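As a plain string of letters, each chain reads:
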Amino acid sequence: MSPTADRSPSAGSLSAVQRQGVQSLLRIAPVVDELGARFVAAGHEIALVGGSVRDALLDRLSNDLDFATSARPEAVLKLLAGWADHVWDIGKAFGTIGCRKGDWVLEITTYRSESYDPDSRKPAVAYGDTLEGDLHRRDFALNAMAVQLPSREFVDPFGGLEDLAAKVLRTPGTAEESFSDDPLRMMRAARFAAQLAFTPDPSVVTAMTTMAERITIISAERVRDELVKLVCAPYPRIGLDLLVETGIAEHVLPELPALRLELDEHHRHKDVYQHSLTVLDQAIELEPRLGLDGPDFVTRFAALVHDIGKPKTRQFAGGGKVTFHHHDVVGAKLTKKRMRALRFSNDQIDQVGKLVELHLRFHGYGTGEWTDSAVRRYVRDAGDLLSRLHVLTRADCTTRNRRKADALRAAYDDLEKRIEQLQKQEQLDAIRPDLDGNQIMAILEIGPGREVGEAYKYLMELRLDQGPLGEERAREELLAWWASRS
């Protein structure tokens, strides 16, 4: 949870927020003024709304702009024709028309209201008649602000500006009404808390807690998308804590609250839940090592779930000792099962599952006694996940023992140096036997079949154990292996 917000913002802080919003809106004035004039001339209302206004006030406005209008989709299409560079109507069934104008991407949605039937997974969409009615149906007051066009009149019927200054998440109406209309808003509360480091109003937390089970009517795909946004937010720990504390995580990611294992009487093992959140925090700090433009969901989610096999593998041994044998393997299976239930792509499931499975591998490295063969296998098993595995393994060191932490870092530094040296010598990224399948068949005078695969696997093991052999020696080893089979 984020620190308690100041619920009594000064007039000066509001003025500063407003001034920032004016500066951001001036930047987009050419496109919004043209659009506003076009709609008003045709007898329609149009306003910049929601996240676009919020982000303008927070000085984080992107090139994606959201508008609400009194015009129906067919009228919107006609008004955009000849003005926009490109128009698409993929969201027409929900009242949304999209277009591109220069560098700007615009989504224009007819005033509407949404609500869920108690037993339905799909929202019922109905058009509305007023801007205030449209704003009332939005998830949070900070997303229920608008700027009418082309007059640029600021519209804030629910106090969103004050909430921004106070860093509070509050619903336009009652939280129960808002979450009943769309239960996914409960996850959005956690996501916005993680993105903005805002504090949910107590009424929001109460409603999330009492209505947590209602999240189960939301499709797995929508839940997944919110979870990804939360995990990739600047402060995911805040949002994840909120999901766990309110009981929503029990329905969308039950393996997470299950990590809150009771401590044994001797306190011989860590709070696994807090440890996992710390590993996530540390993985985020190490993310620049990956050289990516933005957050990496695969690494972050692997950090969050790397120990989810511990509850199922926990055993109490003599003397108060607690063990979690094979929790890496069990955790990988649980991870894949949960990600499949949330409809993640096969690639993401395989990547996160592999990282969870490999996250303990380094701890056999010790003080650097691994053979070159073991280093090659480490690289081979990680494959294109090696950089992510480096980040996860380093992040997994949460000990407060300075000497132990320094020793672990030094050992991993040594492993990375050895990998780099072998990379230069042997091109580890492309580890393969010295003979390919066609050469194997020619040497053994056999056709395609199981024996070729067995021979290839044998040569691969030799390659991993001994490094490059060269074609001549590989041929000798292959023939000797083939002779030993008969």
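See the structure shown above.
Keep in mind it's a predicted model, so treat the numbers as computed, not measured.

Draft legend 1. Here's a closer look at the pattern of salt bridges. Evaluation of the coordinates by the stated rule reveals 31 salt bridges. We note a salt bridge from Arg152 to Asp33, for which the minimum N-O separation is 2.6 Å. Remark: Asp33 occurs in helix 2 (residues 29-41) and Arg152 occurs in the loop between strand 8 (146-149) and strand 9 (153-155); sequence separation between them is 119 residues. Across the pair Arg137 and Asp134 runs a salt bridge whose closest N-O atoms are separated by 3.9 Å. In terms of burial, Arg137 and Asp134 fall into one category: buried. Each of Asp139, Asp182, Arg188, Arg191, Arg222 and Glu226 takes part in salt bridges that share partners, so that together they form one network.

Draft legend 2. Representation of the sheet that holds strand 2 (residues 64-69) within the structure. Sheet architecture is open: 7 strands sit in the order 3-4-5-2-1-8-9, paired in mixed fashion. Single-partner strands in this sheet number two, and they are strand 3 (86-88) and strand 9. Across the sheet, the axes of successive neighbouring strands diverge by a mean angle of 30°, strand direction being ignored. In terms of strand pairing, strand 1 (residues 46-49) meets strand 8 through 4 bridges, oriented antiparallel. The residue of strand 8 that forms the bridge with Val49 is Ala146. Contacting strand 2, strand 3, strand 4 (96-101) and strand 5 (104-110), helix 4 (residues 73-80) runs over the sheet at an angle of about 10° to strand 4.

Draft legend 3. Quick peek at the environment of Glu45. Among the secondary structure elements, Glu45 is positioned in the loop between helix 2 and strand 1. Judged by relative accessible area, Glu45 falls into the partly exposed class, the value being 38%. Separated by 66 residues in the primary sequence, Glu45 and Tyr111 place their C-alpha atoms 9.8 Å from one another. If we skip the residues at most four places from it in the chain, Glu45 touches Phe39, Ala68, Thr69, Ser70, Tyr111, Leu131 and Gln148. A polar contact of 2.7 Å, which involves the side chain of Glu45, links it to the side chain of Tyr111.

Draft legend 4. Main features of the packing of helix 13 (residues 272-286) against helix 14 (residues 297-305). For the pair helix 13 and helix 14, interaxial distance at closest approach is 7 Å and the crossing angle is 155°. Here helix 13 lies roughly antiparallel to helix 14, going by the angle between them. Viewed along their axes, helix 13 and helix 14 form a crossing whose handedness is right-handed. For the pair helix 13 and helix 14, the contacting residues are Ser276, Leu277, Val279, Leu280, Ala283 and Ile284 in the first and Arg300, Ala303 and Leu304 in the second. Looking at side-chain class alone, the contact of helix 13 with helix 14 contains 7 nonpolar, 1 polar and 1 charged residues.

Each value, and the rule that gives it
- Sequence positions are assigned chain by chain, starting from 1 and proceeding in written order.
- This being a predicted model, a pLDDT of at least 70 is required before a residue's local features are given, and a value of 80 or more before pairs of side-chain atoms are given or counted; all residues contribute to the totals for chains, interfaces and linings.
- Excluded from the side-chain calculation are hydrogens and water; included are all heavy atoms of the structure.
- We define a salt bridge as a side-chain nitrogen of Lys or Arg found within 4 Å of a carboxyl oxygen belonging to Asp or Glu.
- Numbering goes from the N terminus for both helices and strands, where a helix is a DSSP run of H or I of at least four residues and a strand is a run of E of at least two.
- Think of it in three bands: residues with accessible area under 20% of the maximum for their type are buried, residues over 50% are exposed, and the middle band is partly exposed, with areas taken using a 1.4 Å probe on protein chains only.
- When DSSP finds two or more bridges between a pair of strands, those strands are recorded as paired.
- An axis is simply a line fitted to the C-alpha atoms; with a helix, the fit covers only the stretch in contact. Between two such axes, the angle follows the N-to-C directions and lies from 0 to 180 degrees.
- In what follows, residue pairs with any heavy atoms lying within 4.5 Å of each other are defined as contacts.
- Here a polar contact is taken to be a pair of N or O atoms separated by no more than 3.5 Å, where protein atoms must pair a possible hydrogen donor with a possible acceptor and residues adjacent in sequence count only if both atoms sit in side chains.
- Note on angle classes: values under 35 degrees are labelled roughly parallel, values over 145 roughly antiparallel, values of 65 to 115 roughly perpendicular, and the remainder oblique.
- Two helices cross in a left-handed way if the nearer one is turned anticlockwise from the farther one by less than a right angle. They cross in a right-handed way if the turn is clockwise.
- Three categories are distinguished: nonpolar for Ala, Val, Leu, Ile, Met, Phe, Trp, Tyr, Cys and Pro, charged for Asp, Glu, Lys and Arg, and polar for the others, with Gly belonging to the last.

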